[in-house]
Structures are given as C-alpha cells and as structure tokens.
2 protein chains.
Amino acid sequence: MRIAFIGLGVMGYPMAGHLQKAGHQVCVYNRTPQKAVSWCEMYGGESANTPAGAASNAEIVFVCVGNDDDLRSVVFGHEGILAGMSSNTVLIDHTTVSAQVSEEIAEVAAKQHVSFMDAPVSGGQQGAEKGLLTVMVGGEATVFARTESVISCYARAVRHMGPVGAGQKTKMVNQICIAGLVQGLAEGLHFAKASSLDPEAVVGVISKGAAQSWQMDNRHKTMLAGDYNHGFAVDWMRKDLSIVLDEARKNGAHLPVTALVDQFYAAVQQIGGNRWDTSSLLALLEARSLVKTD
Amino acid sequence: MRIAFIGLGVMGYPMAGHLQKAGHQVCVYNRTPQKAVSWCEMYGGESANTPAGAASNAEIVFVCVGNDDDLRSVVFGHEGILAGMSSNTVLIDHTTVSAQVSEEIAEVAAKQHVSFMDAPVSGGQQGAEKGLLTVMVGGEATVFARTESVISCYARAVRHMGPVGAGQKTKMVNQICIAGLVQGLAEGLHFAKASSLDPEAVVGVISKGAAQSWQMDNRHKTMLAGDYNHGFAVDWMRKDLSIVLDEARKNGAHLPVTALVDQFYAAVQQIGGNRWDTSSLLALLEARSLVKTD
C-alpha cells in the first residue's frame, strides 16, 4: 500500500520503519530534513519536502508529532497534509492530543472525502522500536476494519474504542490511572525507606497481593536507585495531564488526585526533571534532587 | 504443637481452624463465647474462658483482634494472654496495629522470657479461609525460623521483614500503595464513564500496559457495577491509614495523596459506606450513593 508518514520522532521513526519493512511503499516527511534522509538510508523508502508532497500519492497518511499546535499546523498549514491528500483516503493520527482537535480534523477532512481516525499509542519508545505498541483508535468502524492490518505492523494490540475522539479519551484514562498509581507507589517506597525497612524485600512481599501494579513490578528498582533517565518524560506527562484536565472540565469528571499529581509534576519540572521518567515523583518526596541540582 | 488462638473474627476463625486441621492441639478464646463453642464443634479443638486460660498450656500463642486498644487489653489485661504464658514460649500477633504497640508488647513479654513477633497479614477473609494469606513478620530471626512452618498452615508466603515492628511497617507500605492506586483507578473509571466510553473496553486495552494493577484486574467489574458489599471494608482501611499517618509523623515521610485519600474515605463513611470495599472511592466521585442513601 502507498503510505505517507509525517513526523519521525522517537516514536514515528521506528513506526514508519516497520511499515516499510512490511512491504509498504512509505514516503516520509520530517520538519528537520536530516532525519528523513537518515530514515531513507536505513529503511530504503522515500522522503518529501513538505507534508503535502508526502501525502499526495498516499492511500493512508500517518502523523505522529508533538502536540495540538504541531498537529494543527502539519495538517491544516500551507503545504500541509490535507492540502496534499486525495479523496477516499485515510488520515490516522498517532499523536496524543485533545479529543477536540481530533474532532476538528475529522470534520475538515470529511469535507474533502478523507476519513480521519485518532489513534494514540502506549508502550513507549521501546514498544515502537519492537513493533509492540498498543493502539487505541477512534473513528468509523469501516475505516478501522480496512486499516487495522496496516497499523498492526507496529502494534501488538489495535483496538477500536468508538467514534473519533474515543482513542484519545481512552489514552486519557490510561494516564489518569498511572498518575494516582505512581504517586501511591512513590509514597509507599518513600515510607519504606523512612521506616528503615529493606524496600526491595517489602516490594517482594506486597507485589504478590492487592498492591501489585505494572509500575511496581517494572519501576521499583530504578526508583530505589534514583535513576530517572529513561521511560516516559515528565514534560510529556504534563502535556497529557493538561489534556486530561481540560477534557474533565467539559465532561464534568471530578479528578482531585490527578490534578494534585499534575502539580507535583510541575514541581519535578522546577527541580530540573523535565526529561525524567514519570516515576520521579519519588525524587520529589525525598527532596534529594533539590540538593543534587543546587 | 500446643497452640492458643485468641480472637475468632472473620480472619482468626478460619486461621485457627487451619492450625487444628494440620494436627496441632489448638485452644481458642473469643470475647463472644458462642463463637468459640461453634469453632470447637466445627474443628474439634478446645476453648477457654479467658485469654490467660487459653495461653497457659501453649508453646505458641496467636492473637488476631481489632485494633491497638483491643490488643493491649487482651495481652496486658487481668486474665490476659501474658498472665497465662510460660517462659520460653512465643506470642505472635496477626492484628494490624501500630509498630509502637508491637514494640511495647515485645518489651513486656521479654521480661517474662516470652518472644514476641508482629505478623500482620494480607489476603483478606478469602485468603484466611483458603489458607493462602501473606504474612509479614517482625521479630528475631531465630524465633521466626522455629515458628515459620506453623504460620505456613494458613499462608502461601511468610516473610521475615526485620525486627519487631517491621511486619507492621511493611503492611503500612502495602496500604499506602493501595490508597493512591485505587483513587487513580476510580478517577480513571469515573472519567471513562463521563466521556461515554465503554469502560470495560477501556480496561481491556489499558490493563495490558503501564496502567495495569491487581486492583484494575480484580475490582473494575464490581466498581463499574457499583457493587461494594465485599472485600476490605472502608472502616478497616481508615484504621490502617490512621496508623500509617501516625507513623509518618514519626519517621518524617511525606504522604500527601495518602492523607488526602484518607479524607475521601472519611467522606465514604459519611455517606454510609463504612462496610463497603476500599474500591468505593468511585462511588464518592460519582456522588451516586449520596442519592441512594437519602
């Protein structure tokens, strides 16, 4: 299939690579051209000088950029994606953005007979590289049915969650659950250390029961080591929580701990932890990092 | 082995039963005598009229009562456990109490050459009935070594966590982790419903990744059904969080979300949820129960 992939960041770069390796004809575009050049050298596809150029010959256009503004600009802008797309094609967005911008794009795209699906992912950089992402899709069921196998080139699970916006809202639920959970885990480990317990031994016991979580299983070692230079960055988590809290103003959901943890992440940013993993909430409780960064 | 078991509540009743079934000679005591009578009918052991009477012939005395005050009274009181125990025996407490009362009892017991271990459990009523509890033990390693196999009669894991009090502190870490985690899960499910997503489908996707937890796997169905008449009661969780927050005042740990969730549980109590499961934090977010109980 003829595919365009717009945005070769840490996620998009390997995702586009999986598509090319699966036998699709991929044409990429990236704001910084050098990345597109090195992508073509690595995978053997083509690149274009504008989003419109990449999209002009594609049956499916994928986009994976930074935030709402980046997405609007690359989709709606001069020489943007929609300027290049033919009718009866599909635009799939992998960026985590607001449900509102997804609905906006879907509406404009529909006018030129382009189908839109929002499809945020989870699984991180490693998931993208290994082709094992989880993809949460919002859009028409028929469009989902005819694109699912293509998305599967880099996913272990592709799920249709409902109409346009439902993918984004599902991703928001994911981030809400993680926010409270990681803070609880951080407080638990902090208390264990303050109590002079052996935190590894404590996790060894409590991870067998009702306190167990993926975060406990996969993050406690790095948290106890004070190692946060990996994983999902606090800056990205704050972007996602901003989207979550805006959406909650609209749907009326009451998210007291999510809002509080968002503020804790603001404090992590203030002590220089912008690129630290979300599990760095423990560093904040320990105020150890305050000393380190002085 | 000659064993006394003091306190035949929902936990102690089946735990004492497992000891008797394993071939030990168990003598029980319960404040309400009728329960001791029915226990003897069911399991064939003996009962005594006072804690001292039950303890007088025992090599190991187990106790499992309600809270710090109950424990002090049954251990130190007139005709209490320590009044009956011989020297060179072991007293093991399964109640979730403060580390301070554990240390108090250990000190007094030592004077009459009785070894003490704190040994709070997790796994709930079901774990007690099936003999699959997790037991977190604080005390001397040599005492642990010679009692571990007896405790194993009702446990799938018995772990030595450190000196007297370390069992209680480990249990506290467990409750801290659960508090933040369940609130995060409740906010996530609340948001999913407010967004008109299919919450079951959402859990189906996000439970495969970084938001996964035991609580998500085992409680989301009952939470979505508004069914809270099971599990670990809010009254007990508040008791445990009170112990946690007192201990944190001593060790200096900073537990902002744990303290906040404790207040949310106070609100659950106010709407009549004293006996509801800890997952009833969702009911509070939905304010549905406020209407129900009017």
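Residues numbered from 1 in each chain as written. Chains lettered and ligands numbered in written order. Predicted model: local features only at pLDDT ≥ 70, side-chain atom pairs only at ≥ 80, totals over all residues. Heavy atoms only, no water.

Enquirer: When you look at helix H13 (residues 256–270) of chain A in this model, what are you seeing that I'm missing?
Expert: Side chains of residues three or four places apart in an α-helix project in the same direction, reflecting 3.6 residues per turn. Taking 1.5 Å per residue, 15 residues should reach 21 Å; H13 of chain A reaches 22 Å between its end C-alpha atoms and fits that length. Restricting attention to buried positions, one finds in H13 of chain A the residues Pro256, Val257, Thr258, Val261, Asp262, Phe264, Tyr265, Ala266, Val268 and Gln269 of chain A. Looking at the packing, one finds that the buried side of H13 of chain A touches helix H9 (166–194), helix H12 (234–251) and helix H14 (281–286) of chain A together with helix H9 (166–194), helix H13 (256–270) and helix H14 (281–286) of chain B. (Helix = DSSP H or I, 4+ residues; strand = E, 2+ residues; numbered from the N terminus. Expected span 1.5 Å × (residues − 1). Buried < 20%, exposed > 50% of the residue type's maximum accessible area, 1.4 Å probe, protein only. Contact = heavy atoms within 4.5 Å.)

Enquirer: Any chance you could explain the domain arrangement of chain A here in plain terms?
Expert: Accessible area lost when the parts come together is the quantity often used to give the size of an interface. All names here are of chain A. According to the domain assignment, chain A consists of domain 1 (2–162) and domain 2 (169–293). Here domain 1 and domain 2 have C-alpha centroids that lie 30 Å from each other. In this assembly, 14 residues from domain 1 lie in contact with 11 residues from domain 2. Between domain 1 and domain 2 the total buried area reaches about 880 Å² when both faces are included, carbon and sulfur atoms providing 61% of it. Broken down residue by residue, the surface that domain 1 buries against domain 2 is led by Thr96, Ala99 and Met136, which jointly contribute 43%. Taken together, domain 1 and domain 2 are joined by zero salt bridges. Along the contact surface separating domain 1 from domain 2 lie five residue pairs in polar contact (both at pLDDT 80 or more). (Domains from an automatic or database assignment. Buried area = accessible area lost by both parts, 1.4 Å probe. Salt bridge = Lys/Arg side-chain N within 4 Å of Asp/Glu carboxyl O. Polar contact = N/O pair within 3.5 Å; in protein donor to acceptor, adjacent residues only side chain to side chain.)

Enquirer: What exactly am I supposed to notice about the pairing of strand S5 (residues 89–93) of chain B here?
Expert: Remark: a regular strand shows side chains that alternate across the two faces of the sheet. All names here are of chain B. Burial analysis of S5 places five of its five residues in the buried class, which makes it a mostly covered element. By the alternation rule, side chains of S5 split into Thr89, Leu91 and Asp93 and Val90 and Ile92, which are all buried. Pairing between strand S4 (residues 60–63) and S5: four bridges, direction parallel. Bridge assignment links Val63 to a residue of S5, and that residue is Asp93. Here S5 pairs with strand S6 (residues 114–118) via five bridges, running parallel. Along S6, the bridge assignment pairs Leu91 with Phe116. Handedness of the β-α-β unit built from S5, helix H6 (residues 99–111) and S6 comes out right-handed. (Pairing = 2+ DSSP bridges. Right-handed = clockwise from strand over helix to strand, strands pointing away.)

Enquirer: Explain the UniProt feature "domain: 6-phosphogluconate dehydrogenase NADP-binding" (unreviewed entry) in chain A here, please?
Expert: UniProt records the feature "domain: 6-phosphogluconate dehydrogenase NADP-binding" (unreviewed entry) at residues 2–162 of chain A, using the numbering of this structure. Note that residues 2–162 of chain A is 43% helix and 26% strand, and that its end C-alpha atoms are spaced 26 Å apart. (UniProt positions renumbered as here; feature names shortened; annotations may be inferred.)

Enquirer: Help me understand the relation of the copies chain A and chain B in this model?
Expert: Two copies of one chain are present, and they are related through a rotation about an axis combined with an axial shift. Superposing chain A onto chain B requires a rotation of 180° together with a translation of 0.0 Å along the rotation axis, leaving an RMSD of 0.0 Å. In short, the pair behaves as if placed about a two-fold rotation axis. Mapped onto chain B, 100% of the interface residues of chain A are again interface residues, and the two copies thus contact each other with one and the same surface. (Least-squares fit on C-alpha atoms with pLDDT ≥ 70 in both.)

Enquirer: What's the story with the side chain of Ser195 of chain B in this structure? I'm lost.
Expert: Mapped onto the elements, Ser195 of chain B comes out in the loop between H9 and helix H10 (199–206). At 3.1 Å, the side chain of Ser195 of chain B and the side chain of Asn251 of chain A are in polar contact. Residue contacts for Ser195 of chain B: discarding those within four places in its chain leaves Lys169 and Asn251 of chain A.

Enquirer: Got a minute to help me understand the interface of chain A and chain B in this structure?
Expert: Contacts between the two partners involve 56 residues from chain A, matched on the other side by 56 residues from chain B. Between chain A and chain B, roughly 4,600 Å² of surface is buried when both sides are summed, and carbon and sulfur atoms account for 71% of that area. Considering only the surface of chain A that becomes buried against chain B, Glu187, Phe191 and Val205 of chain A emerge as the three largest contributors, covering 15% of it. At the junction of chain A and chain B, the tally comes to zero salt bridges. Viewed at the interface, chain B and chain A are joined by 17 residue pairs in polar contact (both at pLDDT 80 or more). Going through the elements one at a time, strand S8 (133–138), strand S9 (155–162), H9, helix H10 (199–206), helix H11 (214–225), H12 and H13 of chain A are the ones with two or more residues in the side of chain A that touches chain B. The dominant element in the side of chain A that touches chain B, judged by the number of residues it contributes, is H9 of chain A, at 20 residues. The class makeup of the residues in the side of chain A that touches chain B is 32 nonpolar, 18 polar and six charged. (Nonpolar A, V, L, I, M, F, W, Y, C, P; charged D, E, K, R; others polar.)

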